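Topology and contacts: notes
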Amino acid sequence: MSAVRKRPEPGTKLRRRTRRRYDVVGLLVAAALGFPVYWMLITAFRPATEILSLPPEFWPANPTFANFTRAMRTETFWSNVRSSAVIGLGTVLVSLLVGTLAAFALSRFRFAGRKAFVMVILTVQMIPLAALVIPVYLLLNEAGLTDSLGGVILVYLVFTLPFTVWMLHGFISAIPVELEEAAMVDGCGRLGAFVRVVLPLLAPGLVATSVFAMVQAWNEYVLVYVLLSTPEKQTLSIWLVSFQTSFGTDYGGLMAGATLTALPVVVFFLAVQRKIAAGLATGAVKG
């Protein structure tokens, strides 16, 4: 007997065409977003004679590492790397520590002004950073914290903590409270249940939130430019400006420096991207 061929369900071809159109649109959007990054990378590997050539070439004819060598041999590069790492990691660790406890309190306890507090958290996110530069500088100057990495970390916490608390609040709310109650029935206290039950389940949310805080602290420019005056204490975002002088712009060194600046964040993101996807899916379940 000949095999009976199944007829395609009505609308199958239309769905396939629609899916292909979406794929094409997605590829075009990805190409548009990725092209500046690609141009930065190939410019970083180009010798100076090829960077401003006309018509522009989409691949370096003579790739070189000279731009990276020149960028890394600048006077303050390694000290600026250290400052960026201290500010970034300090902001992430403190914001996660304080934000996790605050989000847990919002999710598990009922108290007067709870909803108003959540609204205040969201409102703070809408305040433009540029409007607060002068007040923040005057406040830190009175406290003697200008031109110090600790002062910059404190200021960054003001802008990262609201989002951290709001985001972790959604993750913790998605964890069934019955799991904590079962742990406390077995002999754990409130803190023990939090450490042994909530924190392991909250790991994807902590990773997703830490990426946001890290990117914010690593790429921020205005506050660091105002608050830090010593060249050795400034971050990599300020260091990149050194490639623009009165004699012109060193495009090769600038693109190499931009690549070196973006590399740590990209590596960190690639290392935790699976946790981020799982965390975003978990946090979207319940808020």
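Heads up: the structure comes first, above all this text.
The present account deals with the structure reproduced in this document. Since the structure is predicted, the reported quantities are computational estimates derived from the model, not experimental observations. (Residues numbered from 1 in each chain as written. Predicted model: local features only at pLDDT ≥ 70, side-chain atom pairs only at ≥ 80, totals over all residues. Heavy atoms only, no water.)

Remarks on the overall build of the protein chain
Secondary structure summary: the protein chain contains twelve helices and two strands in total. When the helices and strands of the protein chain are read in sequence order from the N terminus, they spell out α-α-α-α-α-α-α-α-α-α-α-β-β-α. Principal-axis analysis of the C-alpha atoms places the extent of the protein chain at approximately 85 × 70 × 35 Å. Here the protein chain holds 287 residues, and the buried ones make up 37% of them. Across the protein chain, contacts joining residues at least 24 apart in sequence account for 72% of those joining residues at least 6 apart. Of the roughly 17900 Å² of accessible surface on the protein chain, 69% is carried by carbon and sulfur atoms. Between the centroid of the 24 positive side chains of the protein chain and the centroid of its 14 negative side chains there is a distance of 18 Å. (Helix = DSSP H or I, 4+ residues; strand = E, 2+ residues; numbered from the N terminus. Buried < 20%, exposed > 50% of the residue type's maximum accessible area, 1.4 Å probe, protein only. Contact = heavy atoms within 4.5 Å. Areas by Shrake-Rupley, 256 points an atom, 1.4 Å probe, with all protein chains shown as cover. Lys, Arg positive; Asp, Glu negative; His and termini not counted. Charge placed at Lys NZ, Arg CZ, Asp CG, Glu CD.)

Overview of the environment of proline 56
Looking at the secondary structure, you find proline 56 in the loop between helix H2 (48-51) and helix H3 (66-72). Taking the relative accessible area as the measure of exposure, proline 56 reaches 43% and is therefore partly exposed.

Details of the packing of aromatic side chains
Taken as a whole and assessed by the stated rule, the structure comprises 14 aromatic pairs. When the centroid spacing of 5.4 Å and the interplanar angle of 85 degrees are considered together, the rings of phenylalanine 45 and phenylalanine 65 count as edge-to-face. Of this pair, phenylalanine 45 sits in the loop between helix H1 (12-44) and H2 while phenylalanine 65 sits in the loop between H2 and H3, and the two are 20 residues apart along the sequence. Since its relative accessible area comes to 26%, phenylalanine 45 is described here as partly exposed. Summarising the aromatic geometry, the rings of phenylalanine 65 and phenylalanine 68 are spaced 6.3 Å apart at their centres and angled 50 degrees between planes, so their arrangement reads as tilted. (Phe/Tyr/Trp six-rings, centres within 6.5 Å; stacked < 30°, edge-to-face > 60°.)

Quick word on the side chain of threonine 100
Position of threonine 100 among the secondary structure elements: in helix H4 (residues 77-108). Ignoring anything within four residues of it in the chain, the contact list for threonine 100 reads Ser95, Leu168, Ile172, Phe194, Leu199, Leu202 and Leu206.

Overview of the pattern of salt bridges
Tallying each qualifying case throughout the model produces two salt bridges. One salt bridge connects arginine 108 with glutamate 180, and the closest N-O pair in it is separated by 2.5 Å. Residue arginine 108 is located in helix H4, and its partner glutamate 180 is located in helix H8 (residues 177-185); the two are separated by 72 residues in the primary sequence. Exposure remark for arginine 108: the relative accessible area of 16% places this residue in the buried category. (Salt bridge = Lys/Arg side-chain N within 4 Å of Asp/Glu carboxyl O.)

Overview of the packing of H4 against helix H9 (residues 190-219)
Closest axis-to-axis distance for the H4/H9 pair is 8 Å, and the angle between their directions is 140 degrees. Here H4 is positioned oblique relative to H9, judged by the angle of their axes. Read as a crossing pair, H4 and H9 show a hand that is right-handed. Residues Ser84, Ala85, Ile87, Gly88, Leu89, Thr91, Val92, Ser95, Leu96, Thr100, Leu101 and Phe104 of H4 touch H9, and the partners they reach there are Arg190, Phe194, Val198, Leu199, Leu202, Leu206, Thr209, Ser210, Ala213, Met214, Ala217 and Trp218. A class-by-class count of the residues in the contact of H4 with H9 yields 16 nonpolar, seven polar and one charged. (Axes fitted to C-alpha atoms, helices over the stretch in contact; angles between N-to-C directions. Parallel < 35°, antiparallel > 145°, perpendicular 65-115°, else oblique. Left-handed = near helix turned anticlockwise from the far one by under 90°. Nonpolar A, V, L, I, M, F, W, Y, C, P; charged D, E, K, R; others polar.)

Some details on the environment of threonine 12
Along the chain, threonine 12 falls in helix H1. In the structure, threonine 12 is positioned 86 residues away from valine 98 in sequence and 51 Å away in space, judged by C-alpha atoms.

A look at the layout of surface pockets
If you add up the space inside the largest pocket, you get close to 230 Å³. Elements that contribute at least two residues to the lining of the largest pocket include exactly helix H7 (149-173) and H9. Top contributing element to the lining of the largest pocket by residue count: H7, with five residues. Split by residue class, the lining of the largest pocket holds ten nonpolar, four polar and one charged. (1 Å grid on protein atoms, 1.4 Å probe; cavity = no way out; pocket = protein on both sides within 12 Å on 5 of 7 lines; lining within 4 Å. Points joined across faces, edges and corners; volume = space filled by probe spheres on them.)

Focus on a positive patch on the surface
A contiguous patch of positive charge, built from Lys13, Arg15, Arg16, Arg17, Arg19, Arg20 and Arg21, is present on the exposed surface. By secondary structure assignment, the location of arginine 16 is in helix H1. (Patch = residues over 30% accessible without salt bridge, like charges linked within 9 Å, V, L, I, M, F, W, Y side chains within 5 Å.)

Re the nonpolar core
Of all hydrophobic cores here, the largest spans 33 residues; its most connected members are Ala71, Leu168, Leu202 and Trp239. Those elements that place two or more of their residues in this core are H1, H3, H4, H7, H9, helix H11 (236-239) and helix H12 (251-283). With eight residues, H9 is the largest single contributor of residues to this core. If sequence neighbours within four positions are ignored, alanine 71 has contacts with Phe77, Trp239, Phe243, Gly253, Ala256, Gly257 and Leu260. Listed in part, the 16 residues of the second largest apolar core include Val152, Val155, Leu157 and Leu223. (Core = buried A, V, L, I, M, F, W, Y, C linked by side-chain atoms within 4.5 Å.)

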